[in-house]
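# Summary of structural features
Single-letter residue listing:
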Amino acid sequence: MYCLLCLLGHPKIFAQGDTAIQFVLQKKIPGNYRDFYADNLGNIYLINADNRIKKLDAAGDSLTVYNDTRRFGDLYSMDVRNPFKTILFYKDFLTLVVVDKFLNTVNTINLRNNGIMQATAVALSYDNNYWIFDEWSNTLKKVDDHGKVLLESPDFRLAFTETYSPDKIIDADGVLYIYDEQAGWKIFDYYGHFKKNLPFPGWKDVQAFNGNVYGWLHGKIHQVAIALPEEKIIDPGIEQKGIIKTFFVANNFYVLYPDGLSVYHLP
């Protein structure tokens, strides 16, 4: 992620107003996919309408396929930050399926059996446990491989004046970044203690790393450094029509269109 961060964080890039940078189309992977993810090794995870996951390497060659698509309904989200321990989250069934780098199932966790009744966001923790936001109790929880609750935050309804219902948790930089599209970012330490509020709502496809949070809004990349919460914006100069999802990692910017996934390279 370093190369992109250097470019987006350079003081000459973010002068007054938006800055346009023409990203270069590297390759396009044709197909009809509803979602995708990419990890730090350049692997791509393509998800079709039937919840089948196809994993490709950085060159676009097929590595493996996850076909166990009928047990838990629709796949809600994935956490691929650790390509050797990937989380599949089936929200409707309150189930986590943990797979290895070959997409073989190594563990299944039923959250309901462990008292978590309404999970809205999950993430792999720094110590290979799992962060869960339980909307039923309005708390952030850490659970182990058996679903046992190891840690629980105070009730968010008592801690904050506004309603907060996150749908994204990211464990990075020694903190937890939590995002609610209606209310923005909140940052917590690893004990569930609140540290900082960054009110930048409305972002899509959010990410966080190296002390910065990122999102996609109105066809542009938005960046905020948590140390100096000033919003910076970059126009990647790509085709805007029909964009389903965006994501960047290392020096690649991935954009999902109705006819396939385009991989752009930073100039």
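For the structure itself, look to the data block above.
Residues numbered from 1 in each chain as written. Predicted model: local features only at pLDDT ≥ 70, side-chain atom pairs only at ≥ 80, totals over all residues. Heavy atoms only, no water.

### With respect to the sheet that holds strand β6 (residues 62-66)
If you walk across this open sheet you meet the four strands as β3-β4-β5-β6, and the pairing is antiparallel. Where the open sheet ends on each side, the last strands, each with one partner, are β3 (35-38) and β6. The sheet shows a mean angle of 20 degrees between the axes of neighbouring strands, direction not considered. When strand β4 (residues 44-47) meets strand β5 (residues 53-56), the two strands line up antiparallel, connected through four bridges. Residue I44 lies in a different strand from β5, and its bridge partner there is L56. (Pairing = 2+ DSSP bridges. Helix = DSSP H or I, 4+ residues; strand = E, 2+ residues; numbered from the N terminus. Axes fitted to C-alpha atoms, helices over the stretch in contact; angles between N-to-C directions.)

### Overview of empty space enclosed by the protein
The final tally for this structure, using the stated rule, is one cavity of 30 Å³ or more. Elements supplying a minimum of two residues to the lining of the largest cavity: β19 (204-209), β20 (212-217) and β23 (245-249). Grouping the constituent residues of the lining of the largest cavity by class yields six nonpolar, three polar and one charged. (1 Å grid on protein atoms, 1.4 Å probe; cavity = no way out; pocket = protein on both sides within 12 Å on 5 of 7 lines; lining within 4 Å. Points joined across faces, edges and corners; volume = space filled by probe spheres on them. Nonpolar A, V, L, I, M, F, W, Y, C, P; charged D, E, K, R; others polar.)

### Thoughts on the pattern of salt bridges
For the coordinates displayed, the defined rule picks out nine salt bridges. A salt bridge links D259 to K28, with the nearest nitrogen and oxygen atoms 2.9 Å apart. Of the two residues, D259 is situated in the loop between β24 (252-257) and β25 (260-265) and K28 in strand β2 (residues 24-30); the sequence distance between them amounts to 231 residues. Residue classification places D259 among the partly exposed residues on the basis of a relative accessible area of 47%. The class of K28 is partly exposed, set by a relative accessible area of 38%. (Salt bridge = Lys/Arg side-chain N within 4 Å of Asp/Glu carboxyl O. Buried < 20%, exposed > 50% of the residue type's maximum accessible area, 1.4 Å probe, protein only.)

### A closer look at the layout of surface pockets
Considering only enclosed or pocket space, the largest pocket measures out at about 790 Å³ in volume. Lining the largest pocket are 36 residues; nearest its centre among them are Y37, K168, D205, V206 and K245. Of all the secondary-structure elements, those providing two or more residues to the lining of the largest pocket are β3, β7 (77-79), β11 (119-124), β15 (168-172), β19 and β23. Per-class residue counts for the lining of the largest pocket are 20 nonpolar, four polar and 12 charged.

### Focus on unusual backbone geometry
Its identity is not glycine, yet N51 carries a phi of approximately 70 degrees, on the positive side. When you line up the elements, N51 lands in the loop between β4 and β5. Positive phi values are uncommon outside glycine, yet N128 reaches one of about 65 degrees. On the secondary structure map, N128 appears in the loop between β11 and β12 (130-134). For N128, a relative accessible area of 34% corresponds to the partly exposed category.

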